[in-house]
Number of protein chains: 2
Amino acid sequence: MTEIAEFKRGPGGRPTREEAERRLGTLLATAMRLFLERGFEAVSVEEIAKQAGVAKRFIYARYGDKAELFIAAVEQSFVGRLEDTLHGIEPSRHGVERGLYEFGQKLIAMAMQPEAIALHRLFVSSAPQFPEVAKRFVERNRERAFALVGHVLRFYADRGDIELRQPQLMMEQFFISVIGIPQRLALLGMRESAEDEDQRLRLAIRLFVNGCRPSGNKA
Amino acid sequence: MTEIAEFKRGPGGRPTREEAERRLGTLLATAMRLFLERGFEAVSVEEIAKQAGVAKRFIYARYGDKAELFIAAVEQSFVGRLEDTLHGIEPSRHGVERGLYEFGQKLIAMAMQPEAIALHRLFVSSAPQFPEVAKRFVERNRERAFALVGHVLRFYADRGDIELRQPQLMMEQFFISVIGIPQRLALLGMRESAEDEDQRLRLAIRLFVNGCRPSGNKA
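Residues numbered from 1 in each chain as written. Chains lettered and ligands numbered in written order. Predicted model: local features only at pLDDT ≥ 70, side-chain atom pairs only at ≥ 80, totals over all residues. Heavy atoms only, no water.

Section: the interface of chain A and chain B
Right, so step 1: In this complex, chain A contributes 43 residues to the contact, which on the side of chain B involves 43 residues.
Right, so step 2: Of the roughly 4100 Å² buried between chain A and chain B, counting both surfaces, carbon and sulfur atoms make up 63%.
Right, so step 3: At the junction of chain A with chain B, the criterion picks out 3 salt bridges.
Right, so step 4: The partner of B:E172 in a salt bridge is A:R200, and the shortest N-O contact between them spans 2.6 Å.
Right, so step 5: Along the contact surface separating chain A from chain B lie 13 residue pairs in polar contact (both at pLDDT 80 or more).
Right, so step 6: Contributions of two or more residues to the side of chain A that touches chain B are made by α7 (114-126), α8 (131-158), α9 (167-187) and α10 (194-211) of chain A.
Right, so step 7: Of the residues belonging to the side of chain A that touches chain B, the class tally is 22 nonpolar, 12 polar and 9 charged. (Contact = heavy atoms within 4.5 Å. Buried area = accessible area lost by both parts, 1.4 Å probe. Salt bridge = Lys/Arg side-chain N within 4 Å of Asp/Glu carboxyl O. Polar contact = N/O pair within 3.5 Å; in protein donor to acceptor, adjacent residues only side chain to side chain. Helix = DSSP H or I, 4+ residues; strand = E, 2+ residues; numbered from the N terminus. Nonpolar A, V, L, I, M, F, W, Y, C, P; charged D, E, K, R; others polar.)

Written out as C-alpha cells, the structure reads:
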C-alpha cells in the first residue's frame, strides 16, 4: 500500500486532516481530468485511484460509486468556482439594463470556458448509458446555481426595476436567454464573433428587462 | 452487383427516375437509423450501402463523403418534417400571446421528439472528433429553420402586436427562450412534468411579448 505510506502521519499514525484534504483535492482533480479526457464510461475507479496516488478504499470510504465520485469532482471543479466568481458581483450603479448586461457577460464567459463545454458534452453524451448521473447532479446543484442568478435579479427587483413573479422560472428564463444560443453553438464546436455575441446579449437583456418591467411602468 | 440488379429498369436498362428516388429515400432513412443507433464514427459508408441495398457508387455519385451523406439524411428526416409541421400553422385569432403560445407548444413538441433529441446528442457528441459536420449542417439549415419562426413572428409584427427590430436575433431569442430549458433537460435525459413545462412556456411567451411590445404601447 504505497499510496497510504505517502500520507503524512499525525499522532497515532493516522494521516493528518490537512493531508487527507490535500489527497481529496488531488483525487477529485485527477478524476475530473480523466473523465474529461476519456468520458465517463472509459475511466475506472481503479485507474483514478492509481493516478491520484490514493487507495481505492480511500475513495469508497467517501463515495458510493463512480457516479458519486464524478459528481463530487464536478462540484469541486465547477460549482465551487462558479460560486466564487458570481459572489463578488456588485450590481451596477448605471441601472438595471447595464447591470444585467455586465452580469450576462460574466455568465457567458463562464459557460463558454472550454472545460465547462467539455463537461456539458460529457453529461450529454453519457446520458443514455448513465441516466442517473446527470439527474443526480442536476437535482443537487440546480437550485444552488440559480440562487446566484436570483441574488442579482432580486437586487433589481427590490429597487423596483423589474418584477419577479415566479422567481425560480424567471431566473431560469434569464439564464437560458443569455447563455442558451452561445452554449448551444459551443456544444456543436462553434462560436460567433465577439461582436455578434455582444449584440445578442444586449438584445437578450433588453427583451428581458422590458419583459418584466413592473406593471406600473407599462402602458 | 446484386443491389443494382434490384433497380427497376427503364428503356436502355437504366433505373427509372422513380426507382432511383425510392432508393435514395431508403438510403437516407437507413443512414439516419444507423447513425442514431451507433454514432457518426462507428458507421461506415460501406455498411450503410449494404443495409440500404445500394451500391457504394450510388452513394458517392451523390455525396462527397460520409459527412455529406449524414447531413442529407438529417435534412430528409428532420428539416423537411419541421417545415411540413410549421408551414401549416395559422396565427391565432385570440391575439399574439395566445398565438405564440400555441406555436411554442408545437416547437417544443418537435424539439422533444426522442429522435430529435438523439440527433442533437449525436451532433454534440461527435463535435470534437468531427468539427465540420455540425458546422456544415448549421450553415446550411440555420436560416431555413429560423425563417419558419420568422414567418410567425412577422405575422404579429405586421399587425403591430410586437416590434421586430433585429429580426434574425429576435427569432433566435424567441426560439431559445421557448425550447432552451426543455431541450437542455432532455439532452441530459430528463423531462419536467407537463404542468411545469406549460407554466414555463407561458412565462417565456409573456416575457417575450412584453419584451418586444411596440414603443407606443409602453410607458
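That was the structure; now back to the text.
Description of the packing of α9(A) against α10(A)
Residue and element names in this part refer to chain A.
Right, so step 1: Running from N to C, α9 and α10 cross one another at 160 degrees; their axes reach a closest spacing of 9 Å. Judged by the inter-axis angle, α9 sits roughly antiparallel to α10. At the point where α9 passes α10, the crossing takes the right-handed sense. Side by side, α9 and α10 meet where M170, F174, S177, V178, I181 and P182 of the first sit next to E197, R200, L201, A204, I205 and F208 of the second. (Axes fitted to C-alpha atoms, helices over the stretch in contact; angles between N-to-C directions. Parallel < 35°, antiparallel > 145°, perpendicular 65-115°, else oblique. Left-handed = near helix turned anticlockwise from the far one by under 90°.)

Brief notes about the environment of B:E192
Right, so step 1: Secondary-structure assignment places B:E192 in the loop between α9 (167-187) and α10 (194-211).
Right, so step 2: Overall, the relative accessible area of 18% leaves B:E192 in the buried class.
Right, so step 3: Considered as a pair, B:E192 and B:V138 are 54 residues apart in the sequence and their alpha carbons are 28 Å apart.
Right, so step 4: The residues contacting B:E192, other than those within four sequence positions of it, are A:R142, B:L185, B:E197 and B:R200.
Right, so step 5: In this structure the side chain of B:E192 is engaged in a polar contact, spanning 2.7 Å, whose partner is the side chain of B:R200. (Buried < 20%, exposed > 50% of the residue type's maximum accessible area, 1.4 Å probe, protein only.)

Quick look at the pattern of salt bridges
Residues and elements named next belong to chain A.
Right, so step 1: One pass over the structure, following the stated rule, counts 37 salt bridges over all chains.
Right, so step 2: One salt bridge connects R136 with E68, and the closest N-O pair in it is separated by 2.4 Å. Of this pair, R136 sits in helix α8 while E68 sits in helix α5 (residues 66-87), placing them 68 residues apart in sequence.
Right, so step 3: We classify R136 as partly exposed; its relative accessible area is 24%.
Right, so step 4: On the basis of relative accessibility, which here comes to 19%, the residue E68 falls in the buried class.

Here's the deal with the nonpolar core
Right, so step 1: Counting 150 residues, the largest nonpolar core has A:F70, A:L100, A:F174, B:F70, B:L100 and B:F174 as the members making the most contacts within it.
Right, so step 2: Here B:F174 is in contact with B:L100, B:F103, B:L107, B:V149, B:L153, B:I205 and B:F208, once residues within four sequence places are set aside. (Core = buried A, V, L, I, M, F, W, Y, C linked by side-chain atoms within 4.5 Å.)

Brief notes about the relation of the copies chain A and chain B
The second copy of the chain is related to the first by a rotation about an axis and a shift along the axis.
Right, so step 1: Between chain A and chain B, the superposition needs a rotation of 180 degrees and an axial shift of 0.0 Å, giving an RMSD of 0.0 Å. Taken together, the rotation angle and the small translation identify this as a two-fold axis. Identified as the residue of chain A closest to the rotation axis by C-alpha distance is A:G211, at 1.9 Å.
Right, so step 2: Of the residues that chain A buries at the interface, 100% are likewise interface residues in chain B, meaning the two copies contact each other through the same surface. (Least-squares fit on C-alpha atoms with pLDDT ≥ 70 in both.)

Remarks on the side chain of B:Q183
Right, so step 1: Mapped onto the elements of the fold, B:Q183 is located in helix α9.
Right, so step 2: Since its relative accessible area comes to 8%, B:Q183 is described here as buried.
Right, so step 3: Of note is the side chain of B:Q183, whose polar atom sits 2.3 Å from the side chain of A:R184.
Right, so step 4: Residues within four places of B:Q183 in sequence aside, it is in contact with A:R184, B:A111, B:M112, B:I117 and B:H120.

Focus: the packing of aromatic side chains
Right, so step 1: One pass over the full model with this rule turns up 20 aromatic pairs over all chains.
Right, so step 2: Ring centres 5.1 Å apart and planes at 70 degrees place the aromatic pair B:F174 and B:F208 in the edge-to-face group. Residue B:F174 is found in helix α9, and its partner B:F208 is found in helix α10; the two are separated by 34 residues along the sequence.
Right, so step 3: A relative accessible area of 0% places B:F174 in the buried class.
Right, so step 4: Judged by its relative accessible area of 4%, B:F208 is buried.
Right, so step 5: Linked through ring pairs, A:F35, A:F40, A:F70, A:F123, A:F130 and A:F137 together constitute an aromatic cluster.
Right, so step 6: In this structure, A:R202 is placed above the aromatic ring of A:Y101, and the distance from its NZ or CZ to the ring centre is 4.4 Å.
Right, so step 7: Over the face of the ring belonging to B:F40 we find B:K66, whose NZ or CZ atom lies 4.7 Å from the ring centre. (Phe/Tyr/Trp six-rings, centres within 6.5 Å; stacked < 30°, edge-to-face > 60°. Lys NZ or Arg CZ within 6 Å of the ring centre and 35° of its normal.)

Interpretation in functional terms is not warranted from these geometric data alone.
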